[in-house]
Amino acid sequence: MGNGTPLGRVRGLGASHHGTGHWLQQRLTALGNVLLVTWFVVSLLRLPLGDHAALMQWASKPMVAFALILLMVSVFWHLRLGLQVLIEDYVHGEATRLLSIVLLNFYAFGGAAYGIFAIVRIALAPAALGPGGM
C-alpha cells in the first residue's frame, strides 16, 4: 500500500464510501414515496368529489396531517438527492456546480418548509372549517 503505484495513491480517496449512503437514501425515499403517494391517492379517491369542506376536514385530522408532512419531507428529500446526482454528473465547472447545488438545496428545503407550513396551518385551524369559515 505504498504511494508509488496509481492504485496506492487513490486508496481512501474519491466517492467510494459516500455513494453507498446516497444510493440507500434514494431507495428508501423512493419506497416512502410509493407508500405515501399510494395512501394519498386512495384517500383522495375516497373523499366526495368537489367537496372542499370534506377535504379540509380530512386534512385537519392529526394522523392525516402527520402523514402529509411525511409525504412532503420524503418527496422533497428524494427530489434533492436525485437532482444533486444529476448536477454532479452533468454540470461542469466547480463554481457553477456549487451554485447549482446551493440553489437546489434552497429550493428543496424551501418547498418542503412551505408545504409543511400549509399542512400545519390547515391542521391547526379547525375552527375555520365551520359554516362561516374559509
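Here is a short report on the structure shown in this document. Model, not experiment: these values are computed from the prediction.

1. Thoughts on the side chain of T29
And step 1. Along the chain, T29 falls in helix α2 (residues 18-46).
And step 2. With relative accessibility at 12%, the residue T29 sits in the buried group.
And step 3. Aside from chain neighbours lying at most four places away, what touches T29 is S74, W77, H78 and L81.

2. Examining the nonpolar core
As a rule of thumb, nonpolar side chains are buried together in soluble globular proteins.
And step 1. Core analysis: the largest hydrophobic core is formed by 8 residues, namely L47, W58, A59, V64, A65, L68, I119 and A123.
And step 2. Going through the elements one at a time, α3 (52-59), α4 (62-90) and α5 (94-123) are the ones with two or more residues in this core.
And step 3. Residue contacts for A59: discarding those within four places in its chain leaves V64, A65, L68, I122 and A123.

3. Observations regarding α4
And step 1. Between its first and last C-alpha atoms α4 spans 42 Å; for 29 residues at 1.5 Å apiece the expected length is 42 Å, and the two agree.
And step 2. Restricting attention to buried positions, one finds in α4 the residues V64, A65, A67, L68, L71, S74, F76, R80, L81, Q84 and I87.

4. Some thoughts on a nonpolar patch on the surface
And step 1. A contiguous nonpolar patch, built from V37, V41, L45 and V75 and spanning about 330 Å² of accessible area, is present on the exposed surface.
And step 2. No other element matches α2, which puts 3 residues into the nonpolar patch.
And step 3. Within the fold, V41 resides in helix α2.

5. Side note on the environment of W77
And step 1. With respect to the secondary-structure elements, W77 resides in helix α4.
And step 2. Given the relative accessible area of 32%, W77 is considered partly exposed.
And step 3. C-alpha separation for the pair W77 and T29, spaced 48 residues apart in sequence, amounts to 7.2 Å.
And step 4. In this structure W77 touches Q25, T29 and F109, once residues within four positions along its chain are discounted.
And step 5. Within the structure, W77 has its side chain in polar contact with the side chain of Q25 (distance 3.2 Å).

Rules of the game
- Residues numbered from 1 in each chain as written.
- Predicted model: local features only at pLDDT ≥ 70, side-chain atom pairs only at ≥ 80, totals over all residues.
- Heavy atoms only, no water.
- Helix = DSSP H or I, 4+ residues; strand = E, 2+ residues; numbered from the N terminus.
- Buried < 20%, exposed > 50% of the residue type's maximum accessible area, 1.4 Å probe, protein only.
- Contact = heavy atoms within 4.5 Å.
- Core = buried A, V, L, I, M, F, W, Y, C linked by side-chain atoms within 4.5 Å.
- Expected span 1.5 Å × (residues − 1).
- Patch = residues over 30% accessible without salt bridge, like charges linked within 9 Å, V, L, I, M, F, W, Y side chains within 5 Å.
- Areas by Shrake-Rupley, 256 points an atom, 1.4 Å probe, with all protein chains shown as cover.
- Salt bridge = Lys/Arg side-chain N within 4 Å of Asp/Glu carboxyl O.
- Polar contact = N/O pair within 3.5 Å; in protein donor to acceptor, adjacent residues only side chain to side chain.

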